[in-house]
Structures are given as structure tokens and as C-alpha cells.
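Notes for the structure review
Here's the letter readout for the chains.
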Amino acid sequence: MDPTLRPNALTTLEGLKGMLGLPLEDTGNDGILIQLINQASASIEGALGRKLKKQLYSQKCKGTGNQYLLMEQYPIREVKSVRQGDIPMDPALYDVPGDGMAGVIYKDDGWTYHGYPYGLTGDYVAGKRDILVEYVAGYTLPMDATQEDPCDLPADLEGLCQEMAAYAYGKLQSGGSEGLRSFSISDVRWEWQVDAPASWQETIDRYRRAWI
């Protein structure tokens, strides 16, 4: 079966071929290029620790006892609903600060933590995940873009995906493997702490969570 771009692909085949200077009508290596796009996209998401495709997520959370509730996926584009226990929460009680890149939902009077005292000190532990958040997070990826919903994936993230795929493609063409810890036609892996050029790591660092 010929490989296809996966839903989380951060660039298109046409975009990568344009970067490589390959004619669109030259389809001889399309399968390899698609595989490299998929692998580079997965590697970038792994380095960022989150998904990048804009979609609906459902997440159960513990109350934090403070005003900020941390979501796993970001940027947060829309909060569809929040329920604590079985009770829907009024959307007027919470909001998403800034551009959603912090990945938090803010509530003036805080997110109640429900735990129970344990041990000799009576510290509260084992908080219940009694908050259910339905929210939309991520970017419109190049392959999903339409006139009504254009691509808003940052250009440097798409460029990073292309650069990684182009680098691996060059190694495949030359038959070499210098600079990559693990490298083969069927399996390419980038070791971010060892092999990644500084420019790649700088791009990743720009899009890691901006919340401490």
C-alpha cells in the first residue's frame, strides 16, 4: 500500500517538493517523501509534547485550588463546555487568557480542589478528576486549509518539518547516515538532545508551553 500523509502532517508533499526543487510531475520518490513528512511531523510533536492539528479534545482535570486550569493541548481556540461533577459551568465564569498559547483556562474564584486528608499530617491528596473540559485546540494544518479556514500553523514549524524531511532525504540519496543516531529507509528518528541542529531546537523552544 502506498503511504499517505497522516492527519498530523505539518507540510504537504507539494510544499516539500518545492523546497527540494523537484518537479511535481516527478512522482518516483513520492512514497519516500510522504514517509519522511509523516516521521518529521511525529518527531516535532514528540519534541513539543503535544498535538498540533486543530481538533476537539475532551479532558478530565483535577481542580487546582488556584485560578488556572492547565490543558494538555494548546493553543486553546475555543472552550465548548466545562462541567464540574455533573453540573455545567456558566461560560461567563471562565475565560482563556491571551492568545491561548499558555494552554490555561482562568477562573476568578479558582478551580476547587476535591481531595481528602491522608496520613498523620492530614495533607490533602488524591484529588478527584471531577472537571470535564470540551475544547478546541491546535492549528489548521496545510493539508486541511480552505479559503474559509486558512492554514495558521506557524511558518517556522512547517519550515522545520520540511527541513528535517529534506535533510533525511539527502542522506537517503547519498546513502550516508552521519549526523543521525538511527537512520534507515524504513525508519528515521531524530534524537533531539543529541542530533538536532541549534536552529531546529530554537524553533521547538519557541513553541513549548509558555506557562510556568
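Above this text you will find the structure in question.
Quick caveat, the model's predicted, so the values are computed rather than measured. (Residues numbered from 1 in each chain as written. Predicted model: local features only at pLDDT ≥ 70, side-chain atom pairs only at ≥ 80, totals over all residues. Heavy atoms only, no water.)

1. As for the overall build of the protein
Basically, it comes down to this: Secondary structure elements are defined from DSSP: runs of H or I of at least 4 residues count as helices, runs of E of at least 2 residues count as strands, and each element is numbered from the N terminus. Here, residues are in contact when the closest pair of their heavy atoms is within 4.5 Å. Computed by Shrake-Rupley with a 1.4 Å probe, the accessible areas treat only the displayed protein chains as cover when residues are assessed.
When its secondary structure is counted, the protein shows four helices and 11 strands. Once local pairs closer than 6 in sequence are excluded, the contacts in the protein between residues at least 24 apart make up 68%. Entry remark: accessible area of the protein is about 11700 Å², with carbon and sulfur atoms responsible for 51%.

2. Focus: the side chain of Q84
Where we set the bar: Contacts described as polar in this section are N or O atom pairs within 3.5 Å, which, within protein, must combine one atom able to donate a hydrogen with one able to accept it, while residues neighboring in sequence count only if both atoms come from side chains.
With respect to the helices, strands and loops of the structure, Q84 is situated in strand 3 (residues 76-84). Of the polar contacts made by the side chain of Q84, one reaches the backbone oxygen of T112; its length is 3.4 Å.

3. Concerning helix 2 (residues 30-48)
The criterion, for reference: Multiplying one less than the number of residues by 1.5 Å gives the expected span of a helix. Accessibility here uses a 1.4 Å probe with only protein chains present; expressed as a share of the type maximum, an area under 20% marks a residue as buried, one over 50% as exposed, and anything in between as partly exposed.
Given a rise of 1.5 Å per residue, 19 residues ought to cover 27 Å, and the 27 Å separating the end C-alpha atoms of helix 2 matches this to within 8%. For helix 2, the buried fraction is high: 14 of the 19 residues fall into the buried class.

4. Brief notes about the packing of aromatic side chains
Spelled out, the test is: Two aromatic rings, drawn from Phe, Tyr or Trp (for Trp, its six-membered ring), form a pair once their centres lie within 6.5 Å of each other, and the interplanar angle then sorts them: stacked below 30 degrees, edge-to-face above 60, tilted otherwise.
Enumeration over the complete set of coordinates arrives at four aromatic pairs. When the ring of Y57 is compared with that of Y135, the centres are 5.8 Å apart and the planes differ by 35°; the resulting orientation is tilted. In this pair, Y57 is assigned in strand 1 (residues 55-61) and Y135 in strand 9 (residues 131-137), connecting sequence segments 78 residues apart. Residue class for Y57 comes out buried when judged on its relative accessible area of 11%. A relative accessible area of 1% places Y135 in the buried class.

5. Topic: the sheet that holds strand 6 (residues 104-107)
The following threshold applies: Here the rule is simple: two strands pair whenever DSSP picks up at least two bridges between them.
An order of 2-6-5 is seen for the three strands of this open sheet, with the pairing classed as antiparallel. Edge positions in the sheet fall to strand 2 (68-70) and strand 5 (94-95), since each of these pairs with one other strand and no more. As paired strands, strand 5 and strand 6 are joined by two bridges and run antiparallel to one another. Across the sheet, the residue bridging to D95 is Y106, located in strand 6.

6. A look at the pairing of strand 6
Residues V104 and Y106 of strand 6 are buried on one face, and the alternating residues I105 and K107, pointing to the opposite face, are buried as well. Pairing of strand 2 with strand 6, which is carried by three bridges, proceeds in the antiparallel orientation. Among the inter-strand pairings, L70 is bridged to a residue of strand 6, identified as V104.

7. Details of helix 4 (residues 198-206)
What counts here: Working definition: the arc comes from the directions between the helix axis and the C-beta atoms, pointing outward to the latter.
Residues of helix 4 that are buried include every one of W200, Q201, T203 and I204, and no others. Buried residues in helix 4, looked at end-on, bunch into an arc of 160°, giving them a common side.

8. Here we look at the side chain of N38
As for its placement among the helices and strands, N38 is situated in helix 2. Here N38 falls in the buried class, since its relative accessible area comes to 7%.

9. Points about the packing of helix 1 (residues 13-20) against helix 2
To keep things clear, this is the line we draw: Here, axes are lines fitted to C-alpha atoms. For helices the fit covers the stretch in contact, and angles between N-to-C directions go from 0 to 180 degrees. Note on terminology: angles under 35 degrees are roughly parallel, angles over 145 are roughly antiparallel, angles of 65 to 115 are roughly perpendicular, and the others are oblique. Put simply, Ala, Val, Leu, Ile, Met, Phe, Trp, Tyr, Cys and Pro go in the nonpolar bin, Asp, Glu, Lys and Arg in the charged bin, and everything else, Gly too, in the polar bin.
In the contact formed by helix 1 and helix 2, the axes pass within 10 Å of each other and the chain directions differ by 105°. Overall, the two elements helix 1 and helix 2 adopt an arrangement that is roughly perpendicular. Facing L13, L16, K17 and L20 of helix 1, the residues of helix 2 in contact are D30, L33, I34 and I37. Broken down by class, the residue content of the contact of helix 1 with helix 2 amounts to six nonpolar, no polar and two charged.

10. Things to note about the pattern of salt bridges
Test applied: The rule for a salt bridge is simple: a side-chain nitrogen of Lys or Arg has to be within 4 Å of a carboxyl oxygen of Asp or Glu.
One pass over the structure, following the stated rule, counts eight salt bridges. For D109, the salt bridge is made with K107, and the minimal N-O distance between the two is 2.7 Å. For D109, a relative accessible area of 60% gives the class exposed. As a salt-bridge pair, D205 and R208 come within 2.8 Å of each other at their nearest N and O atoms. The class for D205 is partly exposed, based on a relative accessible area of 43%.

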